[in-house]
Amino acid sequence: MYQFNYQKAGSADEAASAVTAAEDGRFLAGGMTLIPTLKQRLAQPSDLVDLAGISDLVGIEDGGDSITIKGMTRHVDVANSDVVQSKIPALASLADNIGDPQVRNRGTIGGSLANNDPAADYPAAVLGLNATVITNTREIAAEDYFDGMFTTVLEEGELITAVRFPVPEKAAYTKFPNPASRYALVGVMVAQTGGDTRVAVTGAGQDGVFRAGDIESALSGNWSADAAKGVKMSDADLNSDIHASAEYRAHLISVMASRAVTAAG
Amino acid sequence: MPTVSMTVNGKSVSAEVEPRTLLVQYLRESLGMTGTHVGCDTSQCGACVVHVNGESLKSCTMLAAQAEGADVTTIEGLANGDELHPMQEAFRENHGLQCGFCTPGMVMSALDLVQKNSDPSEQEVREWLEGNLCRCTGYHNIVKSILAGAQALKG
Ligand SMILES: Cc1cc2nc3c(=O)[nH]c(=O)nc-3n(C[C@H](O)[C@H](O)[C@H](O)COP(=O)(O)OP(=O)(O)OC[C@H]3O[C@@H](n4cnc5c(N)ncnc54)[C@H](O)[C@@H]3O)c2cc1C
Ligand code: FES
Ligand code: FES
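Residues numbered from 1 in each chain as written. Chains lettered and ligands numbered in written order. Predicted model: local features only at pLDDT ≥ 70, side-chain atom pairs only at ≥ 80, totals over all residues. Heavy atoms only, no water.

**Q** What's the story with the overall build of chain A in this structure? I'm lost.
**A** On a plain count of helices and strands, chain A comes out with twelve helices and twelve strands. The C-alpha radius of gyration of chain A comes to 18 Å, within 12% of the 18 Å expected for a compact globule of 265 residues. In terms of overall dimensions, chain A has C-alpha extents of about 55 × 45 × 30 Å along its principal axes. The buried share of chain A, reckoned over its 265 residues, is 59%. Considering only contacts in chain A between residues 6 or more positions apart, those separated by 24 or more positions represent 57%. With the model as given, the accessible surface of chain A reaches about 10,800 Å², and the carbon-plus-sulfur share is 46%. In chain A, the 20 positive side-chain charges and the 33 negative ones have mean positions that sit 7 Å from each other. (Helix = DSSP H or I, 4+ residues; strand = E, 2+ residues; numbered from the N terminus. Rg over C-alpha atoms; globule rule 2.2 N^0.38 Å. Buried < 20%, exposed > 50% of the residue type's maximum accessible area, 1.4 Å probe, protein only. Contact = heavy atoms within 4.5 Å. Areas by Shrake-Rupley, 256 points an atom, 1.4 Å probe, with all protein chains shown as cover. Lys, Arg positive; Asp, Glu negative; His and termini not counted. Charge placed at Lys NZ, Arg CZ, Asp CG, Glu CD.)

**Q** Help me out: how do you make sense of the interface of chain B and chain A in this one?
**A** Much of the literature gives interface size as the accessible area that the parts lose upon coming together. Taken together, the contact pairs 26 residues of chain B with 29 residues of chain A. When chain B packs against chain A, close to 2,200 Å² is buried across both sides, 54% of that on carbon and sulfur atoms. When residues of chain B are sorted by the area they lose upon contact with chain A, B:R20, B:Q66 and B:E130 head the list and together hold 27% of the total. Taken together, chain B and chain A are joined by three salt bridges. With a closest N to O distance of 2.8 Å, A:R74 and B:E55 form a salt bridge. Mapped by element, the contributors of at least two residues to the side of chain B that touches chain A are β4 (55–58) and α3 (103–116) of chain B. Per-element accounting of the side of chain B that touches chain A gives the leading share, four residues, to β4(B). (Buried area = accessible area lost by both parts, 1.4 Å probe. Salt bridge = Lys/Arg side-chain N within 4 Å of Asp/Glu carboxyl O.)

**Q** Please explain the site of ligand 1 as it appears in this structure.
**A** Residue and element names in this part refer to chain A. Among the 32 residues in the neighbourhood of ligand 1, the closest are listed as F27, G31, L34, T108 and R182. Between an oxygen atom of ligand 1 and a main-chain N or O atom of F27, the distance comes to 2.6 Å. Note that a nitrogen atom of ligand 1 is positioned 2.8 Å from one of the backbone N or O atoms of I160. Burial of ligand 1 by the protein amounts to 95% of the accessible area it has alone, namely 980 Å². Those elements giving two or more residues to the shell around ligand 1 turn out to be β2 (25–28) and α7 (109–115). At four residues, α7 tops the list of elements feeding residues into the shell around ligand 1. Looking at the shell around ligand 1 residue by residue, the class counts come to 13 nonpolar, 13 polar and six charged. (Near = heavy atom within 4 Å. Polar contact = N/O pair within 3.5 Å; in protein donor to acceptor, adjacent residues only side chain to side chain. Nonpolar A, V, L, I, M, F, W, Y, C, P; charged D, E, K, R; others polar.)

**Q** Before we go on, may I ask you to explain the layout of surface pockets in this structure?
**A** Size it by volume and the second largest pocket reaches roughly 620 Å³. As for the second largest pocket, its lining consists of 23 residues, and the residues nearest its centre are A:D96, A:N97, A:R104, B:E127 and B:W128. Among the secondary structure elements, those contributing two or more residues to the lining of the second largest pocket are α3 (75–80), α5 (89–96), α6 (101–104) and β9 (170–177) of chain A together with α3 and α4 (122–128) of chain B. In terms of residues, the lining of the second largest pocket owes the most to one element, β9(A), which gives four residues. Tallied by class, the residues present in the lining of the second largest pocket amount to eight nonpolar, seven polar and eight charged. (1 Å grid on protein atoms, 1.4 Å probe; cavity = no way out; pocket = protein on both sides within 12 Å on 5 of 7 lines; lining within 4 Å. Points joined across faces, edges and corners; volume = space filled by probe spheres on them.)

**Q** Would you explain the sheet that holds strand β12 (residues 210–211) of chain A in this entry?
**A** Remark on secondary structure: sheet strands pair via backbone hydrogen bonds, oriented parallel or antiparallel. All names here are of chain A. Read across the sheet, four strands follow the order β9-β10-β11-β12 without closing on themselves; strand pairing throughout is antiparallel. Across the chains shown, the open sheet's two edge strands, defined by having one partner strand only, are β9 and β12. Running at roughly 20° to β9, α5 makes contact with β9 and β10 (184–193) of the sheet. Contacts between helix α10 (residues 213–221) and the sheet are confined to β11 (196–202) and β12, with β11 contributing the most and set at about 150° to the helix. (Pairing = 2+ DSSP bridges. Axes fitted to C-alpha atoms, helices over the stretch in contact; angles between N-to-C directions.)

Written as structure tokens, this is what we have:
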């Protein structure tokens, strides 16, 4: 690791100003992505501003027809939350299948969304459930938030304070994990919210998470596993790597979507 | 250099370290406690698992500075003198280790499982071990050890 300065922030505002003031400042949340990146010397920030201990950034609020999860809430706490389990079980189970128990004990929703790994799980939840990303300066609709692989519309020093998920009528997330890393080779969130059908795919797209419009159309008329499975996805903009070809990923999208429809009921 | 202080296995400790020092380096190099191992540099193998404030985590993926003021338990904190902790004894009894490199992480991870679920099924043990890799045993005897250790701890 290269050298850096480390400081703890007492509040979200203080953290945002510290990152902005630094030469090349970064927030430190669970560290489950940032610290491995530093260890590989893939980044060289001048300052890390630790968000741990800012109590306003932790917790889950039941808003009736929505749930708000604060930015520093850990995967394990989303997985075990009674509110999330009863209102959006698909989200609790998604969080419960991220990485391994030790990663879930540290990693946070804000860190995962800021990072926007093309194979991460939460992006599929945000896009599939049509959530709103709330920062220290504004609210960003799911549709506008993701901006390609490892890229979002967050500005320098902009802090994710919370994410608001509308409660769907039905939803389920199914992933085909890479057996070594547990990241999604393909992960699909299907949801019906206020009569709207959404299908969000992670792990597969060259530009990160995306909506599978063809499967959405098929499911809008006929919410069934067969309808999802019947859609032949194009492999045009999908990833090909040592783990899977684009063609295989295209096939997996329909299969994961159909399993998710079955799980959603 | 900043001073980082915490409690390790019940004792207060303090050392001057660079901000980039990992918790595992602090334990091994500053405190000379080499029971906690480093098996990878990708945060995947779990050889470095310790407990911080009662929960298991990878000490290679946390800065020592992030553990300021925390209560840390490592593999060295388990045995009572010459008497092994029941989970360690279960590993010995069930041939749960060969080279032993992964064992400190396996034992610390297992103890976190057992404190959350005192009577885990074989399937639950296997799923819990997602973040702990072993190059020797093929896992069968590790799973057997953890199931036996869980029963021993229930008494
Ligand atoms: C072995 C392993 C397996 C994993 N498996 C999976 C998996 O299966 N699925 C999956 O989705 N993920 C997986 N992860 C990643 C994990 O979920 C991380 O926790 C997550 O991607 C990053 O969250 P963090 O809190 O650790 O963030 P950090 O690593 O602390 O930060 C990541 C980035 O986000 C920025 N940041 C952090 N918090 C905020 C905030 N509130 N506002 C703005 N910017 C912020 C940081 O500056 C940094 O650039 C895995 C990680 C490991 C090590
Ligand atoms: S040394 Fe491999 S996970 Fe920590
Ligand atoms: S006993 Fe050798 S790595 Fe597990």
